[in-house]
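Observations on the three-dimensional arrangement
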Amino acid sequence: MENRKENNFHITKREVCWSVKLFTIAVLISCFLSMLFYILSLVSSSSESVDMAITSTTSMAMQKVDSAAKHLDLIWSIFLFNSLAVVTTSIGPGILSYIQNISVAELKLRARNKKYTTLSVKLEKLFQLLTLVIKDILQKLDPDVSRLKAQDNSEKAGSIWKRANYSKENFRLLAYVIPYLIPVITLTMNGMLLGITLSFFVFNGALSLYDFTGSQGIVPGMLFSIAYFLAHILPHGIIELPIIIIADAIGYRFARMYSGKILEDKLLLGDEIEKLERDMRSINDIASAYIRSRYLWAMVSIMLTFLWVAAWIETNITPTIAQEVANFLGDLLI
């Protein structure tokens, strides 16, 4: 039985493809929006202002690593932030899922205290728009949400939901979505960082050659910039990016297991607090098994080892390769 639970957490092609897809979408969208911003800035101001804008956006993206580098060696600074991202993404969903226990405790409090219920309802209205956006995004990312909503979410008179003035459907949706938050946020943020950096290289290269040779320099400038960008990313990124994808795939696998349990076993549909607490114990068992699983900790150990290798390459090898590529491209332009 224990081996079966362990195998349930092993990632498959589905989880990896999901991570790659979301990461790619984040890269493309952030790159497009950054390029659009730079173009609009160029149309409305001078090229010097655009240079400052694209440099500033890229500097902000690297600010955390640069700040840590003041106190640590650069290699350890890079390793630290990449490790935090990987550990948070892979282990975090299991820990974050326990937050729903707080929601159960709040239900009990709201059912007993009308003043607290009134205050909570007012606070919920402030975040109503955000809640609707999250629901919409989730439905697009996971079609199974429609199945969750199609289940019998009706609330009986005198139930805990009526007494607490809370929606059963929203409660179940929150429990369903929580494990997905960290993988989605991590993939999106890393994809955005890469997309912003790519747009910086491409636009800056095109603008630089345009200033020297006119419109015929735009395409060569973009191509040379892409080559230079790849020289900056690939030496260490060929290790680092797959590790980030795998970490998110692991977190996504847990989210599917956790949320799938709620959907398939029709949990959290009870009208009394005792039934909800029993259901929470049932899905907490999944989180507990995940956090204790040998597979998870073996994968985390392997990923951290490779991240250190990637950080060493980024510090000691990538700058040399990037400089060689820059010299080569410079010779072609002369």
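Residues numbered from 1 in each chain as written. Predicted model: local features only at pLDDT ≥ 70, side-chain atom pairs only at ≥ 80, totals over all residues. Heavy atoms only, no water.

As for helix α12 (residues 218–264)
Taking 1.5 Å per residue as the helical rise, α12 with its 47 residues ought to reach 69 Å, whereas the 55 Å between its terminal C-alpha atoms falls clearly short. Taken as a whole, α12 carries its principal kink of about 70° at Gly 237. Looking one or two residues beyond α12, the residue adopting positive phi is Lys 266, at roughly 50°. (Helix = DSSP H or I, 4+ residues; strand = E, 2+ residues; numbered from the N terminus. Expected span 1.5 Å × (residues − 1). Bend = angle between axes of the 7 residues up to and from the residue.)

Topic: the packing of aromatic side chains
Throughout the structure, instances matching the rule amount to ten aromatic pairs. Taken together, Phe 9, Phe 254, Tyr 258 and Tyr 290 form an aromatic cluster joined through their ring pairs. (Phe/Tyr/Trp six-rings, centres within 6.5 Å; stacked < 30°, edge-to-face > 60°.)

Topic: the side chain of Ser 199
Looking at where Ser 199 falls in the secondary structure, it is placed in helix α11 (residues 168–213). A relative accessible area of 0% places Ser 199 in the buried class. Sequence-distant contacts of Ser 199, that is, excluding residues within four places in its chain, are made with Cys 31, Ser 34, Met 35, Tyr 38 and Asn 204. (Buried < 20%, exposed > 50% of the residue type's maximum accessible area, 1.4 Å probe, protein only. Contact = heavy atoms within 4.5 Å.)

Considerations on unusual backbone geometry
Phi at Asn 165 is positive, roughly 55°, even though this residue is not glycine. Along the chain, Asn 165 falls in the loop between α10 (160–164) and α11. A positive phi is found at Lys 266, a non-glycine position, where the angle reads about 50°. Looking at the element boundaries, Lys 266 is found in the loop between α12 and α13 (273–292).

Comments concerning the packing of α13 against helix α14 (residues 294–316)
Between α13 and α14, whose axes approach to 5 Å, the crossing angle comes to 45°. For the element pair α13 / α14, the angle class is oblique. On α14, the residues that touch Tyr 290, Ile 291 and Arg 292 of α13 are Arg 294, Leu 296 and Trp 297. A breakdown of the residues in the contact of α13 with α14 according to their chemical character gives four nonpolar, no polar and two charged. (Axes fitted to C-alpha atoms, helices over the stretch in contact; angles between N-to-C directions. Parallel < 35°, antiparallel > 145°, perpendicular 65-115°, else oblique. Nonpolar A, V, L, I, M, F, W, Y, C, P; charged D, E, K, R; others polar.)

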